[in-house]
Amino acid sequence: MGFRDVGCKQKPAASPQMARPAGTPPPMGCTRELNVLKCSLLIDPDEFVKRIGDLYTDKTASSSEEIALTNGNILARHSAPMFGSDAQYYGRVWFYRDITQQKHAEEKLQNNRSFQTVVSEISSQFVKTTEESFDADVNKLLEAIGRHFHVDRSYFFRSALPPTPPSRSGTRSSKACSPTR
């Protein structure tokens, strides 16, 4: 992580550890040449430019935002105004941090939590299933599984083990399908 400060009458300063994250525009001063910021890695460059303009317009505003890039990366951007002890406005400080791995980890945790919930619901429902309600309950369970995995249809195949003598009824199988969207 690093920082940039941008003043109105001076060159932008950066911390030594600040390597500008890929796709982030250079800092801008009070000239506000916002069109320079149209970066090909920004998913919504117009919104990016508008937001920076809004922050420079409101000299008291602070912000914490996430910026999605076309390469799949996600940046956290924090900005705050800089004022001297005499309340003079000196510019803004900008912090950028690549949070792509953190967001992917959060997404994975959420998916795991969702899957655990589906499994729990299916297990508790399946315990209560009777022979009469089996088909209807299986369809409900298939819908829940399909919603979790974002698929149009889910299937359940059931087959009995080959019968033991003296019964010669053979193997049975059935299929249930339930649309999930």
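In what follows, the accompanying structure is described. Positions within a chain are numbered from 1, following the residues in the order the chain's sequence is written. With pLDDT at 70 or above as the cut-off, local features in this predicted model cover only qualifying residues; side-chain atom pairs require 80 or more to be listed or tallied, and sums for whole chains, interfaces and linings still use all residues. With hydrogens and water excluded, all non-hydrogen atoms of the structure serve as input to the side-chain values.

**Overview of helix H2 (residues 100–127)**
Note on helix geometry: an α-helix contains 3.6 residues per turn, so any two residues three or four positions apart are oriented the same way.
Right, on to step 1. Along its 28 residues, H2 runs 41 Å from first to last C-alpha, staying within 8% of the 40 Å computed at 1.5 Å per residue.
Right, on to step 2. The classification of residues rests on relative accessible area computed with a 1.4 Å probe and restricted to protein chains. Under 20% of the type maximum is buried, over 50% is exposed, and intermediate values are partly exposed. Secondary structure is summarised from DSSP: a helix means a run of H or I of at least four residues, a strand means a run of E of at least two, and numbering begins at the N terminus for each. Looking only at H2, the buried set comprises Thr100, Val118 and Ile122.
Right, on to step 3. Contacts between residues were defined by any pair of non-hydrogen atoms, one from each residue, lying within 4.5 Å. In this fold, the buried residues of H2 make contact with strand E4 (74–83), strand E5 (89–98) and helix H3 (134–149). One less than the residue count of a helix, multiplied by 1.5 Å, gives the span that helix is expected to have.

**A look at the pattern of salt bridges**
Right, on to step 1. Any Lys or Arg side-chain nitrogen found within 4 Å of a carboxyl oxygen on Asp or Glu counts as a salt bridge. One pass over the structure, following the stated rule, counts five salt bridges.
Right, on to step 2. A salt bridge links Asp54 to Lys50; its shortest N-O distance comes to 3.0 Å. Taken together, the residues span about one helical turn, with Asp54 and Lys50 both in helix H1 (residues 45–57) at a distance of four residues.
Right, on to step 3. Residue classification places Asp54 among the partly exposed positions, given a relative accessible area of 32%.
Right, on to step 4. Two residues, Glu66 and Lys103, come together in a salt bridge whose shortest N-O distance is 3.1 Å.

**Points about H3**
Right, on to step 1. Between the first and last C-alpha of H3 there are 22 Å, a value that for 16 residues agrees with the 22 Å anticipated at 1.5 Å per step.
Right, on to step 2. Phe134, Asp137, Val138, Leu141, Leu142, Ala144, Gly146 and His148 are the residues of H3 that are buried.
Right, on to step 3. Just past H3, the residue His150 takes up positive phi, approximately 55 degrees.

This is a description of form; function is not addressed.
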